[in-house]
Amino acid sequence: MNPRRWLAGAALLLTVGALAPVPPAAAPARADDTGSTAMTVHGVKVDGGYEDFTGLSVTVDQTKDLVNQAVVVTWTGGTPTPRNRPLGVDFLQVMQCYGDPHAPGDPDGLKFRETCQFGTKLDTPVMPFEVTAAAAANANSRELHLDAPGYPAKDPRETLPEDARMVPFRPVSCPVGTTSCERPRTPDGSQAQPFPVIADPQTGAEREAYPDEVLSGYFNKSVTNEYPYALTAANGTGRISFEVQNSALAPDLGCGDPYTDATGATRPSRPCWLVIVPRGHHHPYTGQDVSATGSPQGSPLIVPNWQYRMVVPLEFEPVTGYCASDQQERLTAGTELAAEAAAAWRPALCAAVSGPSISYSPIGDDEAARQLLSTSPNAPGLIYSSDPVTATADDPPVVHAPVTLSGLVIALNIDVNLENVPLPQKVAELRGTALNELKLTPRLVAKLLTQSYRRDVPGGGGQALATNYDSIKQDPEFLGLNPLFKDWDRRAGVTLNGLMVPNGSSVAARALWQWVLADPAAKEWLGGTPDKDEASGKEMVVNPAFKPLFTGETPDYFPKADRSCYEETFAGETYQLCSQELRPYTGGFGRGAAQTLRGDTGAFGQSLNSNVTPPRFDRLPREQPGFRFTMAVTDSASAARYGLFTAQLCRAAKGTDGAWTASDCRGATDEAISAAAGTAAPSQVAGVSVIDPAKAWATAGAYPLSLLTYAVADRTDPADARRDYAKLLRHAADQGQRRGVGRGMLPEGYVPLPQALRERTKAAAALLEVDLPAPSASASSDGSGATEPPPAAPPAPAVPAPGAVPSVGATPSPGGTAPSPQPPARQASNATPGSPVGALRYVLVVIFATGLVGGVIGPVLRRFGTRNRPAGGAE
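Computed from a predicted model, the values in this text were never measured in an experiment.

What counts, and where the lines are drawn
- Residues numbered from 1 in each chain as written.
- Predicted model: local features only at pLDDT ≥ 70, side-chain atom pairs only at ≥ 80, totals over all residues.
- Heavy atoms only, no water.
- Helix = DSSP H or I, 4+ residues; strand = E, 2+ residues; numbered from the N terminus.
- Buried < 20%, exposed > 50% of the residue type's maximum accessible area, 1.4 Å probe, protein only.
- Areas by Shrake-Rupley, 256 points an atom, 1.4 Å probe, with all protein chains shown as cover.
- Disulfide = S-S within 2.5 Å.
- Pairing = 2+ DSSP bridges.
- Axes fitted to C-alpha atoms, helices over the stretch in contact; angles between N-to-C directions.
- Parallel < 35°, antiparallel > 145°, perpendicular 65-115°, else oblique.
- Left-handed = near helix turned anticlockwise from the far one by under 90°.
- Contact = heavy atoms within 4.5 Å.
- Nonpolar A, V, L, I, M, F, W, Y, C, P; charged D, E, K, R; others polar.
- pLDDT = per-residue confidence, 0-100.
- 1 Å grid on protein atoms, 1.4 Å probe; cavity = no way out; pocket = protein on both sides within 12 Å on 5 of 7 lines; lining within 4 Å.
- Points joined across faces, edges and corners; volume = space filled by probe spheres on them.
- Salt bridge = Lys/Arg side-chain N within 4 Å of Asp/Glu carboxyl O.

### Details of the overall build of the protein
Then, number 1: For the protein, the count of helices and strands is 17 helices and 34 strands.
Then, number 2: Burial statistics for the protein: of 875 residues in total, 58% are counted as buried.
Then, number 3: If you sum the accessible surface of the protein, you get close to 32,900 Å²; carbon and sulfur atoms cover 54% of it.

### Observations concerning the state of the cysteines
Then, number 1: The full count for this structure, using the stated rule, is 6 disulfides.
Then, number 2: At a sulfur-sulfur separation of 1.7 Å, the disulfide partner of Cys323 is Cys350. Because the sign of the S-S torsion sets the handedness, a value of about 60° for the bond joining Cys323 and Cys350 places this disulfide among the right-handed ones. Linking Cys323 in the loop between strand S14 (310-314) and strand S15 (329-334) with Cys350 in helix H3 (residues 339-351), this pair joins segments that are 27 residues apart in sequence.
Then, number 3: Overall, the relative accessible area of 9% leaves Cys323 in the buried class.
Then, number 4: For Cys350, a relative accessible area of 7% translates into the label buried.
Then, number 5: There is a disulfide in this structure between Cys650 and Cys665, and the S-S distance comes to 2.1 Å. Torsion about the S-S bond of the Cys650 and Cys665 cystine: about 115°, corresponding to right-handed handedness. Here Cys650, found in strand S29 (residues 648-654), pairs with Cys665, found in strand S30 (residues 660-666); they are 15 residues apart in sequence, far enough to count as distant.
Then, number 6: Look at Cys650 and you get buried, because its relative accessible area is 0%.

### Some points on unusual backbone geometry
Then, number 1: Note the cis peptide between Thr613 and Pro614, where omega equals -10°.
Then, number 2: Within the chain, Lys121 stands out as a residue other than glycine whose phi angle is a positive 60°.
Then, number 3: Along the chain, Lys121 falls in the loop between strand S6 (116-117) and strand S7 (197-199).
Then, number 4: Judged by its relative accessible area of 29%, Lys121 falls in the partly exposed class.
Then, number 5: Even without glycine at this site, Ala571 takes up a positive phi of about 55°.
Then, number 6: Turning to its location among the elements, Ala571 is positioned in the loop between strand S23 (565-570) and strand S24 (573-578).

### Considerations on helix H8 (residues 507-517)
Then, number 1: Of all 11 residues in H8, 10 are buried; the element is thus mostly enclosed.
Then, number 2: Listing the buried residues of H8 in full gives Val507, Ala508, Ala509, Arg510, Ala511, Leu512, Trp513, Gln514, Trp515 and Val516.

### Some remarks on the sheet that holds S29
Then, number 1: Pairing is mixed in the open sheet, where 3 strands are placed in the order S19-S29-S30. Only two strands of the sheet have a single neighbouring strand rather than two, namely strand S19 (439-440) and S30.
Then, number 2: Bridging between S29 and S30 involves 5 bridges; their strand directions are antiparallel. Within S30, the position partnered with Arg651 by the bridge is Ser663.

### Brief notes about the packing of helix H6 (residues 442-449) against H8
Then, number 1: It is at 9 Å that the axes of H6 and H8 come closest, and there the two elements cross at 130°. When the interaxial angle is binned, H6 and H8 end up oblique. Crossing of H6 over H8 shows left-handed handedness. Two secondary-structure elements touch here, H6 through Pro442, Val445, Ala446 and Leu449 and H8 through Leu512, Trp513, Trp515 and Val516.
Then, number 2: Class assignment for the residues of the contact of H6 with H8 results in 8 nonpolar, no polar and no charged.

### Focus on the side chain of Thr596
Then, number 1: Positionally, Thr596 belongs in helix H11 (residues 589-598).
Then, number 2: Given a relative accessible area of 0%, Thr596 falls into the buried group.
Then, number 3: When residues no more than four places from it in sequence are discounted, the contact partners of Thr596 are Ala411, Leu412, Asn413, Met500, Thr630, Met631, Ala632 and Leu644.

### Quick word on the confidence of the model for the protein
The predicted coordinates of low-pLDDT regions are not to be read in fine detail.
Then, number 1: Per-residue confidence for the protein gives a mean pLDDT of 85, with 84% of residues at or over 70.
Then, number 2: Counting contacts from residues 1-34, a segment whose pLDDT is below 50, to residues more than four positions away or on other chains yields 134 contacts.
Then, number 3: In this model, residues 777-875 is a region of pLDDT below 50 whose contacts with residues beyond four sequence positions or in other chains number 278 contacts.

### A few points about the sheet that holds strand S10 (residues 238-244)
Then, number 1: The 4 strands lie next to each other as S2-S3-S4-S10, forming an open sheet whose pairing is antiparallel. Strands with a single pairing partner mark the edges of an open sheet, and in this sheet they are strand S2 (39-42) and S10. Along the sheet, successive strands turn relative to each other by an average axial angle of 25°, direction set aside.
Then, number 2: Pairing of strand S4 (residues 69-76) with S10 involves 7 bridges; the strand directions are antiparallel. Its bridge partner being in S10, Thr74 is matched across the sheet by Arg239.

### Looking at empty space enclosed by the protein
Then, number 1: For the second largest cavity, the calculated volume is near 190 Å³.
Then, number 2: As for the second largest cavity, its lining consists of 17 residues, of which Leu144, Pro152, Ala153, Lys154 and Asp155 are closest to the centre.

### Here we look at the pairing of S14
Then, number 1: Only one face of S14 is covered, namely the face carrying Met310, Val312 and Leu314; the face carrying Val311 and Pro313 is uncovered.
Then, number 2: Where strand S13 (residues 272-279) lies against S14, 5 bridges are found, and the strand directions are antiparallel. Across the sheet, the residue bridging to Leu274 is Val312, located in S14.

### Here we look at the packing of H3 against helix H15 (residues 719-733)
Then, number 1: Closest axis-to-axis distance for the H3/H15 pair is 11 Å, and the angle between their directions is 120°. Comparing their axes, H15 and H3 come out oblique. The crossing of H3 and H15 is right-handed. In this structure, H3 uses Trp345, Ala348 and Leu349 to contact H15, whose residues at the interface are Lys727, Leu728, His731 and Ala732.

### Re the environment of Asp90
Then, number 1: Tracing the sequence through the fold places Asp90 in the loop between S4 and strand S5 (91-97).
Then, number 2: Using a relative accessible area of 7% as the deciding quantity, one classes Asp90 as buried.
Then, number 3: Leaving out residues up to four positions away in the same chain, Asp90 has contacts with Thr79, Pro80, Thr81, Pro82, Thr232, Arg279, Gly280 and His281.

### Looking at the pattern of salt bridges
Then, number 1: Taken as a whole and assessed by the stated rule, the structure comprises 37 salt bridges.
Then, number 2: Among the salt bridges present, the one from Asp261 reaches Arg267, with a minimum N-O distance of 2.8 Å.
Then, number 3: Under the relative-accessibility criterion, Asp261 is labelled buried at 17%.
Then, number 4: On the accessibility criterion, Arg267 (38% relative accessible area) is partly exposed.
Then, number 5: The salt bridge involving Lys447 is made with Asp531; its shortest N-O contact spans 2.6 Å. Highlighted residues: Lys447 in helix H6 and Asp531 in strand S21 (residues 531-532), separated in sequence by 84 residues.
Then, number 6: Through salt bridges with shared partners, a single network forms among Arg443, Lys447, Asp475, Glu477 and Asp531.

See below:
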């Protein structure tokens, strides 16, 4: 047996530079076959108050087993937010807090409010208005004083000094009663606790800090998860995706950290709270209905607004590792399609008797295969790949086991921004709500991926793109499929800042291109045939930098082939902004989903800031709630983790009147992914089947970007290592296929494997535990490197029933389309053309540290040990 992968202290680390009813295809359902952790709270009417929120019910869809993710907050019974006046009445404000909302001696929760992450003064959504009325002053802040009629200098219930100017923030590391803290409670702006004096960022002159600047040492606009304006639809309902953060993202809240409770006992995970503050339309001190001309003023943290708070407990998974320090660490690596499942399974395996600690690093399928077959003692003994691993006679024998079924998706976070003109009531009521449905065709996706809209190229692309549309919202094909955009705000900046894509090669990226190239219209357009619009006379062409990429092998990455740069000159110096700064890569599927939720593209704007030394192009700020228009290529599990809607993939037809209409639209639903899996056909490795996107696209009801992911293990590893990997496979085939949010279960966004594939995985686990016979002179003939036949698959029908999945290695079902061209198997990827970082796509750092054990290594690995390291990284 080959002991080359016996690991005693090495870790692999990959270094990489929402309001109408939801249609089934729009977002994965939050299904849990073990019982829901959703919680509903109800609004109140308080003595002495003038608002009545007793009809309001707010539901949070998940309150336990939380990591850095989104929870979906929905409500009914709200008063509709007016769309014909400035925003100021009848909306909700949502924030995350730690502290104790029921602490003795704090009946009004005034100490509790100091533990809330809120007040960075995020922008207020702009409502085109017909009625002149005052907006709600300071509703997005922590400020206390209001210069408005009827508001007292100090509420009699207020416990802060009369001259205090804001509700201070108290970090978790500085509890009440602590006299000296490394990170103290912020000042409240009173004479006794003045705000600090700082140098003005623009002028350099000294001045007193503003309240949001006082908070910036703890949280700011770039990292906060506060939701200051959640709007209610005309029917009294609403929906938002709220990003909950554990201590990896919000260290000053400490959610999920170990802590000492009031009894002195040590607990593994600090609880936190989701706080919803409904805002009404009455003056809080006079009771006057101000909806016609004014707004209830002030921060949600001031006493008359805070008294209506609704509190939901949040239970986080522990941030510290699940695995004991004496547990053996076993390495796995591979496609990010398996990341969410692998992260969820790890703690259950650690908790089992003699259970292993299974680490994971996300790398490309090809690189994962190369490492599995390498002779390095630090290589993983099991990888995840959506491609079969083809071994030679000189390579170690491997065994394949299906573990996950999911899809590649285009996730979206788009707030409806309509023109400032009179619109039909049903359309106008959508202002500021989340768009839950978007339809895309292969050709539209091709235009986004090839930077063919002028806005996606520095300087607009010059003469080569002179006849192209500025952005997708102007494309007639897009408008025909998505007619709401015909009434969209026509300002140039209110649009998509590029489709975010990850760097690196993957089977998933190749599948997207295979689907695009299987469409005749998209393929012709990529080949140089213009997309002509008779009405406007426009002829949209593919960005010339991309044309050479589609004449040979199907790409397995998302190139940034356009190398053009935008230039500005200041004081005799020339400054450049190039393509990868205007449209940067994301760090992976998970990070792309997180950035989509946050409205953060990571892009730099095309305007030189000459007010700083030296001048620079500034990074664009996060798009704020009400203004977001972000989309990313990600996987269905990551989209579900962050509560994102996903686009439907459609065919389009052009009528005799020149208008486009959608047909045969498919979303990444359980049924559509299962139908695609039913088209899986045998690959070049015996016993391993793959889904061809072209064949799935030609099959009614099948989602074409569905992917079956395999665990591939080395059979020459030491016996104890193989036994540990076999435990992983058995878990993946059993408890790991039960949907839920608990440890060891199958996360949302995955489709449970059919029984036939689970049996295949169990058979692979048994085979992995069998010691190999002494090497023979002859090699296997199936190219798998196996020294014995793979376990027999159950018989499968030649033509699966709709939605059925054939056993791996079953006879493929006949199809009416030619399969996608499959590139030859290879063990290393080519550099990305047009990308200066292409050669660095698979930089893998091997950390040697004698004595390191699982409890130390685990937290280093991406989303492992804690499953809490943010997919988007700390901002």
